[in-house]
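Listed here are the chains, written in short residue letters.
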Amino acid sequence: MEIALSVKNVVKKYGDFTAVNDVSFDVEDGKFFSILGPSGCGKTTLLRMIAGFFEPTAGSIEIRGKNMANVPPNKRPVNLVFQHLALFPMMDVKENIAFGLRRRGEKTPEVMKKVHNILERVGLPEYADKRIDQLSGGQKQRVAIARCLVLEPAVLLLDEPLGALDLKLREHMKVELKKLQAEIGTTFVYITHDQSEAMVMSDHVAVMNNGHFEQIDSPSNLYNNPASSFVAMFVGNNNKVTGVLAKDESGKFYVQDKNQLKYAISTIKDCREGDIVGMYTRPEAIIINPAEDKTFFNRTGVHVKAVLFDGGNSRLLVVTPTGQEVLVALPQNHQFDYIKKGDDIMIGWDPASSVCFKETGAKMYDDEI
Amino acid sequence: MMTKSKRLSWGFFVFFIPVFLWLMLLIVLPHIELLRMSFARPAYLKQPGFTLSNYIEFFKEPIYWNTFFRTAMYSITVTMIVLIIGLPVAFYITKVASFKTRGFLTILILIPFWVSELIRVYGWTIILRESGIINHFMTKYGIWKQPIEMLYNDAAMIMGLVYTSILFMVVPIIGVMDSLDNSLIEAAYDLGAKKNVIWRQIIIPHCMPGIISGCIIVFMMVLGSYLTPNLMGGKNSMWFTEQIYNQFILYRNWNMGSAFGFLLLFMSSIIIWVALKLSGQSLKEVVK
Ligand SMILES: Nc1ncnc2c1ncn2[C@@H]1O[C@H](COP(=O)(O)OP(=O)(O)OP(=O)(O)O)[C@@H](O)[C@H]1O
Ligand SMILES: [Mg+2]
């Protein structure tokens, strides 16, 4: 596979502040690549360097093997879909889409043919003569994407293009966008702070934090094998227990929390005995009322604090006797419908389904300690 | 219900009457009188009755309509120059300058207008005249052999008019340019546009209402200005307002003077109407 975009050790500084810190990645031709990170982590800065609006402080950007240093945005074979779309209100839909083609000096009949083609592609064949303010949010979205796609860029950059849409439409556009990308085959680099957008659409996701990449992986690997505590907390839900990593007589690891409770664990990343670690367990890895006969199993009695009903994503919020809150996924077979707020139940999980990382001191939004 | 609507209309009149009186007494009534006068013969002829002779005189005497034509052409030229200078200035102030320099630059543009037009024009005179500052330094350092008279020609007059009217172009354009989303400019750039295309297709269309109102204000101001063309222009660069002044003050011919005044009003309105039609804008949109 050919590499459409290659970013090598890119750094961007604003004065003393490092917004993008030594980021490297390659995107293969035709892939959907997402950059996922919390607000202010440097996603837009990175994207704008690829588009050519900023020059990197250090490092290089190559598009289809060509170094892009000192190439202005209007000469780069990439196009950017802006966060607020930036459609030209002074032009109608077809002139918006034709804008880039005309800049290349293409003849009007050809331009119009391409415009109608791409409008067909994005499902708006009747909208060529509409004004921009006559379009709905989702339609504007598609026009903004069509305006870039019609230029057949090597890479299409998208800066949180669904951010301004309401939830329902966002869900819809997610699927649409993925379908469109698969159909047209253009390379997409998509940035978002919404992990579900990144997971649903992408072939590969890079998780960004404080200006650097924590992990680049497929969505399922990010979820199942997070490479850092940040990724574990940011991608999907996770229950976190902080404690000291220790070894018992038989050589098995366990995490001992501040109340001297011990949790067995088998997946250990980059940490040693005696380290302060965070142990992460997915809500769906936790079993309600586990069978008694399991050995090497974490088991604890808990008090149900609340039943968080959310259709297929319903969960229990429970507290351990030591006050640790834990989220437990509810299986969808109505098996546990009898559990009510205030009940006392047993929960347990396989030590293999937890993962622990050395505590870095980096705080997440809902960190306990 | 009754009382409420009554009180409302009462309040309305409190505000309306001063405005109405102002308009009636100071603008409409004098103009009606001037209009009447423009269709009458001078009083000393003792010939009452309606006549078009004042207007016919304007078209019969080439010096009058030549002056008018010249004035209109120069006013259009000055308006265009002011627009060409004003656009980048407004762009710099709204889009390039940092927040702090922005306030500073705006004040810099405003300050000259705290001084009266007369003083401003004399300021230029001090700089440009034969014994002025520029000539002093140029001859002192031997760049020019002898002083050059830079005042009293069309170029000096145009420069003076541009200077006195630039604010009235920049301010309305800043108003509309502020509302231009920067990402539109970036999007155009990203889609392959060069600077001149961005100006032509994005910035100017967006700023059109401000540009038109700026142009109308500047054009009217320049067309009706008296001091600058009089003090900075040469002997043969007569402005039409000077013709009107001459009729009223020099020849004591109020009838001719008012006819000229109405011709100026009428023809400037036509020029603005044509310009609006040519640029595809409507006055309603501009006023909005
Ligand atoms: N011109 C600038 N000067 C100084 N700091 C800046 C500048 N632009 C951005 N920053 C800082 O760089 C960091 C990254 O900004 P960036 O816009 O890339 O974030 P982001 O990841 O796109 O966030 P969001 O998801 O909120 O859009 C932020 O902390 C921001 O404060
Ligand atoms: Mg951003």
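Residues numbered from 1 in each chain as written. Chains lettered and ligands numbered in written order. Predicted model: local features only at pLDDT ≥ 70, side-chain atom pairs only at ≥ 80, totals over all residues. Heavy atoms only, no water.

1. Some words on the site of ligand 1
Residues and elements named next belong to chain A.
And then number 1: Looking at ligand 1, the residues that line it are Tyr14, Phe17, Ala19, Ser39, Gly40, Cys41, Gly42, Lys43, Thr44, Thr45 and Glu160.
And then number 2: In this structure, an oxygen atom belonging to ligand 1 sits 2.5 Å away from a side-chain N or O atom of Thr44.
And then number 3: Measuring from an oxygen atom of ligand 1, one finds a side-chain N or O atom of Glu160 at 3.0 Å.
And then number 4: Look at ligand 1: alone it shows 640 Å² of surface, and the protein chains cover 59% of it.
And then number 5: Every element with two or more residues in the shell around ligand 1 is listed here: β2 (17–28) and α1 (43–51). (Near = heavy atom within 4 Å. Polar contact = N/O pair within 3.5 Å; in protein donor to acceptor, adjacent residues only side chain to side chain. Areas by Shrake-Rupley, 256 points an atom, 1.4 Å probe, with all protein chains shown as cover. Helix = DSSP H or I, 4+ residues; strand = E, 2+ residues; numbered from the N terminus.)

2. Topic: the sheet that holds strand β17 (residues 298–308) of chain A
Residue and element names in this part refer to chain A.
And then number 1: Ordered by their spatial adjacency, five strands build an open sheet running β16-β20-β17-β18-β19, and the pairing between neighbours is antiparallel. The open sheet is flanked by β16 (287–288) and β19 (325–329), the only strands paired with a single partner.
And then number 2: Summarising the sheet, strand β18 (residues 315–319) and β19 pair through five bridges and their orientation is antiparallel. Within β19, the position partnered with Arg315 by the bridge is Ala329. (Pairing = 2+ DSSP bridges.)

3. Observations regarding the sheet that holds strand β14 (residues 267–269) of chain A
Residue and element names in this part refer to chain A.
And then number 1: In spatial order, the strands read β13-β12-β11-β15-β21-β14; together these six strands make up an open sheet with mixed pairing. Because the sheet does not close on itself, it has two edges, and the strands there are β13 (262–264) and β14. The sheet shows a mean angle of 40° between the axes of neighbouring strands, taken without regard to direction.
And then number 2: Strand direction decides the pairing type here: β14 and strand β21 (residues 354–358), joined by three bridges, are parallel. Its bridge partner lying in β21, Ile268 is registered against Cys356. (Axes fitted to C-alpha atoms, helices over the stretch in contact; angles between N-to-C directions.)

4. Thoughts on the pairing of strand β15 (residues 276–281) of chain A
Residue and element names in this part refer to chain A.
And then number 1: Within β15, five of the six residues are buried, which leaves the element mostly enclosed by the surrounding structure.
And then number 2: Of the strand pairs in this sheet, strand β11 (residues 239–247) and β15 are connected by six bridges, and their pairing is antiparallel. When the sheet's bridge partners are listed, Gly243 is paired in β15 with Val277.
And then number 3: Pairing of β15 with β21 involves five bridges; the strand directions are antiparallel. Residue Gly278 lies in a different strand from β21, and its bridge partner there is Phe357. (Buried < 20%, exposed > 50% of the residue type's maximum accessible area, 1.4 Å probe, protein only.)

5. Focus on the pairing of β19(A)
And then number 1: β19(A) sits mainly inside the fold: four of its five residues count as buried.
And then number 2: Hairpin geometry of β18(A) and β19(A) is characterised by an intervening segment of five residues between the two adjacent antiparallel strands and by a positive phi of about 90° at Gly323(A).

6. Concerning the domain arrangement of chain A
Residues and elements named next belong to chain A.
And then number 1: Per the domain assignment, the segments of chain A are domain 1 (3–230) and domain 2 (237–358).
And then number 2: Put simply, the middle of domain 1 and the middle of domain 2, counted by C-alpha atoms, are 39 Å apart.
And then number 3: Each partner contributes residues to the interface: domain 1 has seven residues there, and domain 2 has six residues.
And then number 4: Between domain 1 and domain 2, a total of about 580 Å² is buried, with carbon and sulfur atoms accounting for 45% of that surface.
And then number 5: Per-residue buried area on domain 1 facing domain 2 is highest for Tyr223, Pro226 and Ser229; these three make up 78% of the total on that side.
And then number 6: Remark: the boundary between domain 1 and domain 2 carries zero salt bridges.
And then number 7: At the boundary of domain 1 with domain 2, the tally comes to two residue pairs in polar contact (both at pLDDT 80 or more).
And then number 8: Of the residues that constitute the side of domain 1 that touches domain 2, the class distribution is four nonpolar, three polar and no charged. (Domains from an automatic or database assignment. Contact = heavy atoms within 4.5 Å. Buried area = accessible area lost by both parts, 1.4 Å probe. Salt bridge = Lys/Arg side-chain N within 4 Å of Asp/Glu carboxyl O. Nonpolar A, V, L, I, M, F, W, Y, C, P; charged D, E, K, R; others polar.)

7. A word on the confidence of the model for chain B
And then number 1: The share of residues in chain B with pLDDT of 70 or more is 95%, and the mean pLDDT across the chain is 86.
And then number 2: At the low end of the mean pLDDT range in chain B sits helix α13 (residues 283–287) of chain B, at 62; at the high end sits helix α8 (residues 182–190) of chain B, at 93. (pLDDT = per-residue confidence, 0-100.)

8. Thoughts on the interface of chain A and chain B
And then number 1: The interface of chain A with chain B comprises 22 residues on the first partner and 16 residues on the second.
And then number 2: Summing both sides of the interface, chain A and chain B together bury roughly 1,700 Å²; the carbon and sulfur share of this comes to 66%.
And then number 3: Interface area lost by chain A to chain B is led by Asn74(A), Met90(A) and Arg103(A), which between them contribute 33%.
And then number 4: In this structure, the connection of chain A to chain B is made through one salt bridge.
And then number 5: For Glu186(B), the salt bridge identified is with Arg48(A), shortest N-O distance 2.6 Å.
And then number 6: Counting across the chain A and chain B interface gives five residue pairs in polar contact (both at pLDDT 80 or more).
And then number 7: Mapped onto the side of chain A that touches chain B, the elements with two or more residues apiece are α1, β6 (78–81), α2 (93–103) and α4 (137–149) of chain A.

9. As for the nonpolar core
And then number 1: Membership of the largest hydrophobic core comes to 132 residues, with the highest contact counts inside it found for Leu5(A), Phe25(A) and Ile35(A).
And then number 2: Tallying contributions element by element places helix α9 (residues 195–223) of chain B first for this core, with 14 residues.
And then number 3: In this structure, Phe25(A) is in contact with Leu5(A), Ser6(A), Val7(A), Phe33(A), Ile35(A), Leu46(A), Ile50(A), Phe213(A) and Ile216(A), ignoring residues within four places of it in sequence.
And then number 4: If you look at the next biggest cluster of nonpolar residues, it comprises 23 residues, including Val255(A), Ile339(A), Ile345(A) and Ile347(A). (Core = buried A, V, L, I, M, F, W, Y, C linked by side-chain atoms within 4.5 Å.)

10. Considerations on the packing of aromatic side chains
And then number 1: As enumerated under the stated definition, the model contains 29 aromatic pairs over all chains in all.
And then number 2: Ring centres of Phe32(A) and Tyr190(A) lie 5.7 Å apart, and the angle between their planes is 45°; on these two criteria the pair is classed as tilted. Of the two residues, Phe32(A) is situated in strand β3 (residues 32–36) and Tyr190(A) in strand β8 (residues 187–192); the sequence distance between them amounts to 158 residues. The pair formed by Phe32(A) and Tyr190(A) is uniform in burial state, with each residue classed as buried.
And then number 3: Aromatic side chains Tyr263(A) and Trp349(A) sit 5.6 Å apart centroid to centroid with 25° between the ring planes, which places their arrangement in the stacked category. Residue Tyr263(A) is found in strand β13, and its partner Trp349(A) is found in strand β20 (residues 344–349); the two are separated by 86 residues along the sequence. An identical accessibility class is assigned to Tyr263(A) and Trp349(A); each is buried.
And then number 4: Clustering of aromatic rings is evident, with ring pairs tying together Phe58(B), Phe59(B), Tyr64(B), Phe68(B), Phe240(B) and Phe260(B).
And then number 5: In this structure, Lys130(A) packs its charged tip against the face of Tyr127(A), placed 5.5 Å from the ring centre.
And then number 6: Above the ring of Phe88(A), the side-chain terminus of Arg147(A) is found at 4.6 Å from the ring centroid. (Phe/Tyr/Trp six-rings, centres within 6.5 Å; stacked < 30°, edge-to-face > 60°. Lys NZ or Arg CZ within 6 Å of the ring centre and 35° of its normal.)

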